[in-house]
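Coordinate inspection notes
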Amino acid sequence: MDKLSDRVKRLGYSQTFVMSNKAREMKASGIDVISLTLGEPDFDVPDNIKQAAFDAINENYSHYSPVPGFLELREAIAYKLKRDNNLEYKPTQICVSNGAKQAILNVLAAIINDGDEVLLPAPYWVSYDEMVKMMGGNSVMLPTSYVTDFKVTAEQIEEAITDKTKAILFSSPCNPSGGYYTYAELKSIAKVVAKYPHVTIISDEIYEFINYETKTTSIAQFPEVYEQTAVINGMSKAFAMTGWRIGYSACPEWLAKACEKVQGQMTSGANTVAQRASITALKTDPSEYRYMIDAFKKRRDLVYELIQEIPGFKVLLPKAAFYFFPDISYYIGKTLNGTEIKNSDDFAMFLLENAHVGCVGGFSFGSPECIRFSYAASEEDLRKAMKRIKDLLDQFN
């Protein structure tokens, strides 16, 4: 008898961590690797948030919190959702979790039966498909491309919806494309999904604040789908609190109660000290943390200038988040330095081994013709990385 479950055998490893670990191993062996793999702000946590954590420790917040989080934190999240998104949620509609990843899993666990379908506009974050598999569901990929700005249309969504469709899961702003859905685009999507009340929208808005053009729109703002929408967000990107593991969902009451039930049997409440610090973060005016976004924008502009000089890359200017997602289909099917490039994962490994620059292939993002670079790195490293790639690929053009 096989000791492992069929469910776990269906899962793949996160390609993000695979490439990150490979880059780390090479660096440990003495190779000068520049890793642009992980989606993690390279800033320290702001001092007022750290001080709130110290205060929480001194005030002995060392015991279990309620499963969905401290009431004060859920009130702060409700305040933030009203302030920044014009969304009305009561604390009873909010569940604080161990990162936004768990918030998504809570929702999927609450609604997915074996064989149910979840629509994934591609490209999507690498974990979405694996999360759906974990819950026994089947992912239905909705393809996009460089030409369509990596966004699906309302018509595509309607064509894909069947009686088996239980949810549509997407991020806006998007990891990995760096794009976002406009108010008009989300309005048309909401109009379609509202016709299918058996479909839940899972809207991952973790990159909400890292938008260089406008204020991010949440699809939950449209009344016709408010009762069908789970808003996912957290502290990791806007506040550089990746290791603190605080995320949350804001849902209609029926779904919020189900998420609390799931989490109560899985992890119970999230870290109490991190919860107390999150109250301070959310109540602070967002302009206090604007310096991080300004730095990301400066780096984005730098990389955009340099990456256009790299032969064979087709690239859009990212409007949000901190990723570039160039189309490298020019190289697929070629043999470079004896390496056959069958897809973008092969190309990402080729860059790591030959240019010593780490990125992530697009296959696990649902876009096998693209690669993802994070520009949450120093300007010096970004300049060196783009030069290394250009120098390498100039040999084949």
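Residues numbered from 1 in each chain as written. Predicted model: local features only at pLDDT ≥ 70, side-chain atom pairs only at ≥ 80, totals over all residues. Heavy atoms only, no water.

Further remarks concern the overall build of the protein chain. Counting its regular elements, the protein chain contains 13 helices and 14 strands. When the backbone C-alpha atoms are referred to their principal axes, the protein chain occupies close to 60 × 55 × 50 Å. A buried classification covers 55% of the 397 residues belonging to the protein chain. Taking the contacts inside the protein chain whose residues are at least 6 apart along the sequence as the reference set, 74% of them involve residues at least 24 apart. Surface exposure of the protein chain reaches about 17,000 Å², of which carbon and sulfur atoms provide 51%. Counting 43 positive and 50 negative side-chain charges, the protein chain places the averaged centre of each group 1 Å from the other. (Helix = DSSP H or I, 4+ residues; strand = E, 2+ residues; numbered from the N terminus. Buried < 20%, exposed > 50% of the residue type's maximum accessible area, 1.4 Å probe, protein only. Contact = heavy atoms within 4.5 Å. Areas by Shrake-Rupley, 256 points an atom, 1.4 Å probe, with all protein chains shown as cover. Lys, Arg positive; Asp, Glu negative; His and termini not counted. Charge placed at Lys NZ, Arg CZ, Asp CG, Glu CD.)

Looking now at the sheet that holds strand β13 (residues 360-361). Here we have three strands laid out as an open sheet, ordered β9-β14-β13, and antiparallel in their pairing. Two strands lie at the open edges of the sheet, namely β9 (323-324) and β13, each paired on one side alone. Summarising the sheet, β9 and strand β14 (residues 371-374) pair through two bridges and their orientation is antiparallel. Among the inter-strand pairings, Tyr 323 is bridged to a residue of β14, identified as Ser 374. Each of β13 and β14 is contacted by helix α12 (residues 344-354), which is oriented at about 45 degrees to β14, the strand it contacts most. (Pairing = 2+ DSSP bridges. Axes fitted to C-alpha atoms, helices over the stretch in contact; angles between N-to-C directions.)

To continue, consider helix α3 (residues 47-58). With twelve residues, α3 extends 16 Å between its outermost C-alpha atoms, agreeing within 8% with the 16 Å of an ideal straight helix rising 1.5 Å per residue. If you check which residues of α3 are buried, you get Ile 49, Ala 52, Ala 53 and Ala 56. On an axial view of α3, the arc spanned by its buried residues comes to 100 degrees, and they lie on one face. Facing away from the buried surface of α3 by more than 90 degrees, the exposed residues are Asp 47, Ile 57 and Asn 58. (Expected span 1.5 Å × (residues − 1). Arc of directions from axis to C-beta.)

This brings us to the sheet that holds strand β6 (residues 200-204). Across a sheet, strands are paired by hydrogen bonds formed along the backbone, either parallel or antiparallel in direction. Spatial strand order, β2-β8-β7-β6-β5-β3-β4: seven strands in an open sheet with mixed pairing. Each of the sheet's edge strands pairs with one partner strand only, and the pair in question is β2 (94-97) and β4 (138-142). Each adjacent strand pair in this sheet contributes to an overall mean axis angle of 20 degrees, direction not counted. Strand contacts of helix α4 (residues 71-85): β2, β7 (229-234) and β8 (247-250), with the helix running at about 115 degrees to β2, the strand carrying the most contacts. Across the sheet, helix α6 (residues 126-134) touches β3 (117-121), β4, β5 (165-171) and β6, and the angle it forms with β4 is around 150 degrees.

Leu 186, Ile 189, Ala 190, Val 192 and Val 193 are the residues of helix α8 (residues 183-193) that are buried. The buried residues of α8 occupy one face: seen down the axis, they fall within an arc of 160 degrees. Those residues of α8 that are exposed and angled more than 90 degrees off the buried face are Ala 184 and Lys 191. Tucked inside the fold, the buried residues of α8 contact α7 (154-160), β5 and β6.

This part is about the environment of Thr 162. As for its placement among the helices and strands, Thr 162 is situated in the loop between α7 and β5. Sequence-wise, Thr 162 and Asp 116 are 46 residues apart; in three dimensions their C-alpha atoms are separated by 10 Å. If sequence neighbours within four positions are ignored, Thr 162 has contacts with Glu 117 and His 198.

The next thing to look at is the packing of aromatic side chains. Aromatic rings in a pair are described by how distant their centres are and how their planes are angled relative to each other. This model, assessed by the stated rule, comprises 22 aromatic pairs. Taking the centre distance of 6.2 Å and the plane angle of 65 degrees together, the rings of Phe 313 and Phe 347 count as edge-to-face. Here Phe 347 lies in helix α12 and Phe 313 lies in the loop between α11 (290-307) and β9, a separation of 34 residues in the sequence. The exposure class of Phe 347 is buried, given its relative accessible area of 0%. Relative to Phe 396, the ring of Phe 350 lies with its centre 6.1 Å away and its plane at 65 degrees, an arrangement referred to as edge-to-face. Taken as a pair, Phe 350 in helix α12 and Phe 396 in the segment after α13 (379-394) lie far apart in primary sequence, 46 residues in all. Among the residues examined, Phe 350 registers a relative accessible area of 1% and is labelled buried. Take Phe 396: its relative accessible area is 27%, and that puts it in the partly exposed class. (Phe/Tyr/Trp six-rings, centres within 6.5 Å; stacked < 30°, edge-to-face > 60°.)

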